[in-house]
Structures are given as C-alpha cells and as structure tokens.
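Remarks on the overall topology
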Amino acid sequence: MEKVERNICILTTVALVSVLSTQLAFAHGDVTPQSIDTSTIPTLGQEWSETNPYRELDGDVKVEIERLGASAYNQNCARCHGLEGISGGIAPDLRMLEPDYDGDEWYVYRVQNGAVRNGAVYMPKMTEHLNQEALWAIRTWLESVAPDNG
C-alpha cells in the first residue's frame, strides 16, 4: 500500500506543477494595452529620444509625469512586471534598470520591439499602443520608485 500512496503523491505533485506552470505561462496572456491621456505632460514629438527626456525635470511638472507614469504602468505593465513596479519573478523588475543611457537603451528597445520567444508574444510592442510620452512617463515613475531612490 505504501508504494501506491507514494505513486499517488508523485502524480499529484506532477499534476500540481503542471497546473502552476500553465498558470505562469499564461501570466503574460492577452493583455490589452490601455490608452493613456498624456495631454498634461510635455509633448515630445514623433522622433524617439535616446534617453529619458523627463529625467532632469522637477517641480509640479515632474510630479505630474510620475503620477501619469504610475497610472500608465498599473494599467499596462503591472500584470506581468509586478504591482508598484516590484516584479514577482515572471518578468524583469524594471525598477532595476540603470537611470542612464544603457538602461534607457534597453527600455526603448523592449517597448519598441516587445518580447517574442519561440513564436509566443511575451510582451507586445508597446509603441503600437502608447505614445512616447506615456512610455517615458512610465520609465520616469519606475526610476522614482527604484530601491536606491528610496
């Protein structure tokens, strides 16, 4: 009887791992990007900036950019990248990107090209859904909540 119980335990474990793996695989699922009204922040134009154009701003303008960025992140990114910018391990923790050219370069590449593995879309091309202002506002907010900015 002990062998049967052990086999049942193994099968149950395999079934549980299978279900959890499927849940994680679908965690990126069909995320419908939500449009963001960026009329309250500075306009950037059509040509993409290579670095975060909002990084050096301050005062009420920066507060509004960060507010809008937090809202845009929560509507479009949190499902995969984590609430409040804190990744649960499914997708990269975007707060950890360096606030410099290298971090900006990675960010721009990813929001423009998305992420596809083995034909599966893990992240859509966000530039097809959000304008540069919304995406840089998200980056600005992420920098404001990065652990070293405490």
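First, a word on scope: everything that follows refers to the structure included in this document. (Residues numbered from 1 in each chain as written. Predicted model: local features only at pLDDT ≥ 70, side-chain atom pairs only at ≥ 80, totals over all residues. Heavy atoms only, no water.)

1. Comments concerning unusual backbone geometry
The residue glutamate 84 is not glycine, and still its phi comes out positive at about 60°. Its location among the elements puts glutamate 84 in the loop between helix 3 (78-81) and helix 4 (101-113). (Helix = DSSP H or I, 4+ residues; strand = E, 2+ residues; numbered from the N terminus.)

2. A word on the packing of helix 2 (residues 59-76) against helix 5 (residues 132-144)
The contact between helix 2 and helix 5 brings their axes to 7 Å, and the two run at 100°. In terms of orientation, helix 2 and helix 5 fall into the roughly perpendicular class. Across from Lys62, Ile65, Glu66, Leu68, Gly69, Ala70, Ala72 and Tyr73 in helix 2, the residues of helix 5 making contact are Ala134, Ala137, Ile138, Thr140, Trp141, Leu142 and Ser144. Tallied by class, the residues present in the contact of helix 2 with helix 5 amount to 10 nonpolar, 3 polar and 2 charged. (Axes fitted to C-alpha atoms, helices over the stretch in contact; angles between N-to-C directions. Parallel < 35°, antiparallel > 145°, perpendicular 65-115°, else oblique. Contact = heavy atoms within 4.5 Å. Nonpolar A, V, L, I, M, F, W, Y, C, P; charged D, E, K, R; others polar.)

3. Quick word on the pattern of salt bridges
Taken as a whole and judged by the stated rule, the model has 6 salt bridges. Among the salt bridges present, the one from arginine 55 reaches glutamate 143, with a minimum N-O distance of 2.5 Å. On the criterion of sequence distance, the pair formed by arginine 55 in the loop between helix 1 (2-25) and helix 2 and glutamate 143 in helix 5 is long-range, its members being 88 residues apart. For the pair arginine 55 and glutamate 143, one class covers both residues: buried. If you follow the salt bridges from partner to partner, you end up with Arg55, Asp104, Arg139 and Glu143 in one network. (Salt bridge = Lys/Arg side-chain N within 4 Å of Asp/Glu carboxyl O. Buried < 20%, exposed > 50% of the residue type's maximum accessible area, 1.4 Å probe, protein only.)

4. Side note on the packing of helix 4 against helix 5
In the contact formed by helix 4 and helix 5, the axes pass within 11 Å of each other and the chain directions differ by 135°. On the basis of their axis angle, the class for helix 4 and helix 5 is oblique. Both helix 4 and helix 5 take part in a crossing whose hand is right-handed. Contacts between helix 4 and helix 5 involve Gly103, Asp104, Tyr107, Val108 and Val111 from the former and Leu135, Trp136, Ile138, Arg139 and Glu143 from the latter. For the contact of helix 4 with helix 5, the per-class residue count stands at 6 nonpolar, 1 polar and 3 charged. (Left-handed = near helix turned anticlockwise from the far one by under 90°.)

5. Concerning the side chain of histidine 81
Relative to the assigned elements, histidine 81 resides in helix 3. For histidine 81, a relative accessible area of 9% corresponds to the buried category. If near-sequence neighbours (up to four positions away) are discounted, histidine 81 is found in contact with Tyr73, Ile86, Ser87, Ala91, Pro92, Leu94 and Met123.

6. A word on the environment of glutamate 56
Assignment of secondary structure puts glutamate 56 in the loop between helix 1 and helix 2. Taking relative accessible area as the criterion, glutamate 56 reaches 69% and is therefore assigned exposed. Once the C-alpha coordinates of glutamate 56 and threonine 140 are considered, the two residues, 84 residues apart in sequence, prove to be 9.7 Å apart.

By themselves, these observations are geometric and do not establish any function.
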